[in-house]
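# Inside the fold
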Amino acid sequence: MTYYAVKILGDPSSYGGNIVLAFLIAGLMFLPLLIGFMMLAASFPRSSSLYVVTSRTLHPILGYLPFWYFIVGGGSAIGSGFLLFIGVKALSGPLAVAGIVTGSKELISLAEALIEPRNQLIAALILVVVVWAINYTGMRILKWVMRIITTIPLLITVAGLVALLLLGSNGGLSRFDAIYGAGTSAKIMEVALKEEAASAYGISPLQPNDVLTGTFNMLLWTIWAWTGIEVLTFVGSEVKDPSKSYVKGYITGFIAVAALYLANAAILPWVFNYDFLAAYSYLKMEHEDVLRQILGGKPAPDPSVPFYLSIAFPHPVVAVLIGIAYFLWYLNTVIPIWVAGVRGLFSMAFDRALPEKLAEVSPRWAAPTWANHVIAILAGFGAVMTLLENLGFEAAASLISFMDFSCLFFVWPVGLALMLLPWWRPDLFEKMVFPSKLAAAVVGALMFTIGWFFAIYTSAEYPELSVMLVNIIVGLLGVLLYTYQTARNRARGIDPTKIYAQIPPA
């Protein structure tokens, strides 16, 4: 919502698509997933509920491998480092606007510093340590941190979107010109979209796609926007009254997030003009030197919602508050996916699929310790790889692309497990809060189908050999570790089949 809702309008493969429709379609695709997650987590409130049910219903390796991808990749660890890195960008735009309005060289210098990828890495690594410390203190402190850092940006975001409506159609363009100079917005659109003006700068203009093609290509980003609903299933054992809480929370949360996404996607292009948002994004991504020429050497922040909100309301205090609020959206995304990764490692170690050290819990804070350390290390690695990707290293770009595949690969086996649960594990099915075989079959089939669409779609977007190799290598490392643990368990007289024959107590 914060970053890609405006950036992807200028992507050559997406320009011309309907961003509101793209968010809506992605949300509808996640609706069967939400129902399936709700059914399983409410019925089996354990750490890593989805992993537990899948590994017990299908086969241990079919439970382990998809969630290995999820935990290591875009669902948790590396994804946390990536999000903390790009979250710093949300601060740079409003600071740049505040600096231009006030004439403060210090604010402009700070904004330019935050635009610099190496400085973004430093900030991201500091934040990795902060999130690690928050997770180390346990759920009691963590939940209050989440309540605070979610309420603040939510209130400011809603207030900002309502205030934008008062500017009216294309009202944001005059505000942009007031900051960057009269006629600047028109110049940006002319250079980015008109053949003659683009040729004068030695570039090719942005060409529109038809609506269906552009909207379909936007899905890669809008699907990402809906990921995260699965992380709630990882803390089932820590939820009060899960049979009711999951139903209320999932339904209410889904409706609220859908309203926020759709309002955001509709209001920004209406106020700032779809073509202008696309033109600025295109020049920033593909021809930043040209954009800086048009802006007269003034800062050229990444296109983001907080940047345009601060343009619309350019008071320096307001701009800084907007920047902080939108940065908090990234932080309050990272914390729960980090929690999911920690609980995922804990539950696999509890099953002895991973080293048992990862199941250790702090006696003081009642929170996993070594699992938290491992996620922190991988998150730091993700932040470094994001820097290298920003600097143009192909190998790093392949690892970042791997996150799309790894984040959603678990969906199809969970759907298959839900379909087969009534017949393969009737003893477990009897414990379902919603013991309907028809519902399990229909929802499971939809999850299975959508899961394979996600896997194929995200892979097809990045068909390069390097991306495939990263996917294969990460999977191979996970399987080798699992094989070693299985052999070690057998040598110690532990029968793995007995472990997976029952639901763990936590």
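Described below are features of the structure shown in this document. (Residues numbered from 1 in each chain as written. Predicted model: local features only at pLDDT ≥ 70, side-chain atom pairs only at ≥ 80, totals over all residues. Heavy atoms only, no water.)

## Comments concerning the environment of Ser76
We apply this condition: Here a strand is any run of E in DSSP of at least two residues, a helix any run of H or I of at least four, and the numbering for each starts at the N terminus. Type-normalised accessible area, obtained with a 1.4 Å probe on protein chains alone, sets the label of each residue: buried when under 20%, exposed when over 50%, and partly exposed for intermediate values. Residue contacts are counted whenever heavy atoms from the two residues lie within 4.5 Å of one another. Contacts described as polar in this section are N or O atom pairs within 3.5 Å, which, within protein, must combine one atom able to donate a hydrogen with one able to accept it, while residues neighboring in sequence count only if both atoms come from side chains.
Relative to the helices and strands, Ser76 resides in the loop between α4 (60-72) and α5 (77-87). According to the relative accessible area criterion, Ser76 is buried, its value standing at 0%. Put simply, Ser76 and Leu476 are 400 residues apart on the chain and 19 Å apart in space, counted from C-alpha to C-alpha. Residues contacting Ser76, with those up to four places away along its chain left out, are Phe70, Ile71, Ile337, Trp338, Gly341 and Ile375. At a separation of 2.8 Å, a polar atom in the side chain of Ser76 contacts the main-chain carbonyl oxygen of Ile337.

## Re the packing of helix α14 (residues 242-272) against helix α17 (residues 305-312)
So the rule is basically this: Here, axes are lines fitted to C-alpha atoms. For helices the fit covers the stretch in contact, and angles between N-to-C directions go from 0 to 180 degrees. In this scheme, roughly parallel covers angles under 35 degrees and roughly antiparallel covers those over 145, while 65 to 115 is roughly perpendicular and the rest are oblique. The sense of a crossing depends on the near helix, which, turned anticlockwise from the far helix by less than a right angle, makes the crossing left-handed and, turned clockwise, makes it right-handed. Note on residue classes: Ala, Val, Leu, Ile, Met, Phe, Trp, Tyr, Cys and Pro are nonpolar, Asp, Glu, Lys and Arg are charged, and everything else, Gly too, is polar.
Packing of α14 against α17 brings their axes to within 12 Å, and their N-to-C directions diverge by 45°. Considered as vectors, α14 and α17 are oriented oblique to each other. Between α14 and α17 the crossing geometry is left-handed. Judged by residue contacts, Asn264, Leu268 and Phe272 of α14 engage Val305, Tyr308, Ile311 and Ala312 from α17. Here the residues of the contact of α14 with α17 are counted per class, giving 6 nonpolar, 1 polar and no charged.

## Describing the pattern of salt bridges
What counts, and what does not: Salt bridge, as used here: a side-chain nitrogen of Lys or Arg that lies within 4 Å of a carboxyl oxygen of Asp or Glu.
For the structure on display, the rule yields 12 salt bridges. With a shortest N-O distance of 4.0 Å, Arg488 and Glu356 are connected by a salt bridge. Here Glu356 lies in the loop between α18 (316-350) and α19 (370-390) and Arg488 lies in helix α24 (residues 465-491), a separation of 132 residues in the sequence. Since its relative accessible area comes to 34%, Arg488 is described here as partly exposed. Residue Glu356 is classed as partly exposed on the basis of its relative accessible area of 30%.

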